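# Report on the structure
So the chains spell out like this:
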Amino acid sequence: MNISVCIIATNRYKELLPSLILDVLNNFLPYHSRTIHIFSDAKYPNDRVGAATRIITYQIPSYQYPYATLLRYKILTSIPKEEYGDYVFYIDADS
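As a starting point, this report considers the structure included with it.

So, how was this worked out
- Residues numbered from 1 in each chain as written.
- Predicted model: local features only at pLDDT ≥ 70, side-chain atom pairs only at ≥ 80, totals over all residues.
- Heavy atoms only, no water.
- Helix = DSSP H or I, 4+ residues; strand = E, 2+ residues; numbered from the N terminus.
- Rg over C-alpha atoms; globule rule 2.2 N^0.38 Å.
- Buried < 20%, exposed > 50% of the residue type's maximum accessible area, 1.4 Å probe, protein only.
- Contact = heavy atoms within 4.5 Å.
- Lys, Arg positive; Asp, Glu negative; His and termini not counted.
- Charge placed at Lys NZ, Arg CZ, Asp CG, Glu CD.
- Salt bridge = Lys/Arg side-chain N within 4 Å of Asp/Glu carboxyl O.
- Pairing = 2+ DSSP bridges.
- Axes fitted to C-alpha atoms, helices over the stretch in contact; angles between N-to-C directions.

What follows deals with the overall build of the chain. Helix and strand counts for the chain come out as 3 helices and 5 strands. Beginning at the N terminus, the succession of helices and strands in the chain can be written as β-α-β-β-β-α-α-β. In terms of C-alpha radius of gyration, the chain reaches 13 Å, essentially the compact-globule figure of 12 Å for 95 residues. Taken along the three principal axes of its C-alpha coordinates, the chain extends 35 × 25 × 20 Å. By residue count, 38% of the 95 residues in the chain fall in the buried class. Partitioning the intrachain contacts of the chain with sequence separation of at least 6 by distance along the chain shows that 61% fall at a separation of at least 24. The positive charge centre, built from 9 side chains, and the negative charge centre, built from 9, are 4 Å apart in the chain.

Right under this line is the structure:
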């Protein structure tokens, strides 16, 4: 089963990414193949974390509040649906 985890993190929310990614890696369906899709105004390298987890970043504009929330579905559908796995989860950067 392929799992996709989507995170939108712009402006001050990108500071929360390292701990959120670590939590996802350690606690969110650790025995499945996972891809973490990061949509951010900062550049992060695409990476493979372990054998079953990839991190893919997408550059988006630096949306101010509340536009990142209002445009969430437009942002998430900006990549082809084939990029996502069997199940897609969205996690707020500040959760």
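Still more to cover.
The next subject is the pattern of salt bridges. Throughout the structure, instances matching the rule amount to 2 salt bridges. Arg72 is the partner of Asp92 in a salt bridge, and the nearest nitrogen-oxygen pair spans 3.6 Å. Residue Asp92 is found in the segment after strand E5 (87–90), and its partner Arg72 is found in helix H3 (residues 72–76); the two are separated by 20 residues along the sequence. Here Asp92 falls in the partly exposed class, since its relative accessible area comes to 34%. Looking at Arg72, the relative accessible area reads 17%, which means it is buried.

Strand order in this open sheet of 5 strands is E3-E4-E2-E1-E5, and the pairing throughout is mixed. Edge positions in the open sheet fall to strand E3 (47–49) and E5, since each of these has one partner strand only. This sheet shows a mean twist of 20° between the axes of neighbouring strands, independent of strand direction. Pairing of E3 with strand E4 (residues 53–59) involves 3 bridges; the strand directions are antiparallel. Each residue of the ladder has a partner; that of Asp47, found in E4, is Ile55. Here helix H1 (residues 17–27) sits on the sheet and contacts strand E1 (2–9), strand E2 (33–40), E3 and E4; the angle it forms with E2, its principal contact strand, is near 165°.

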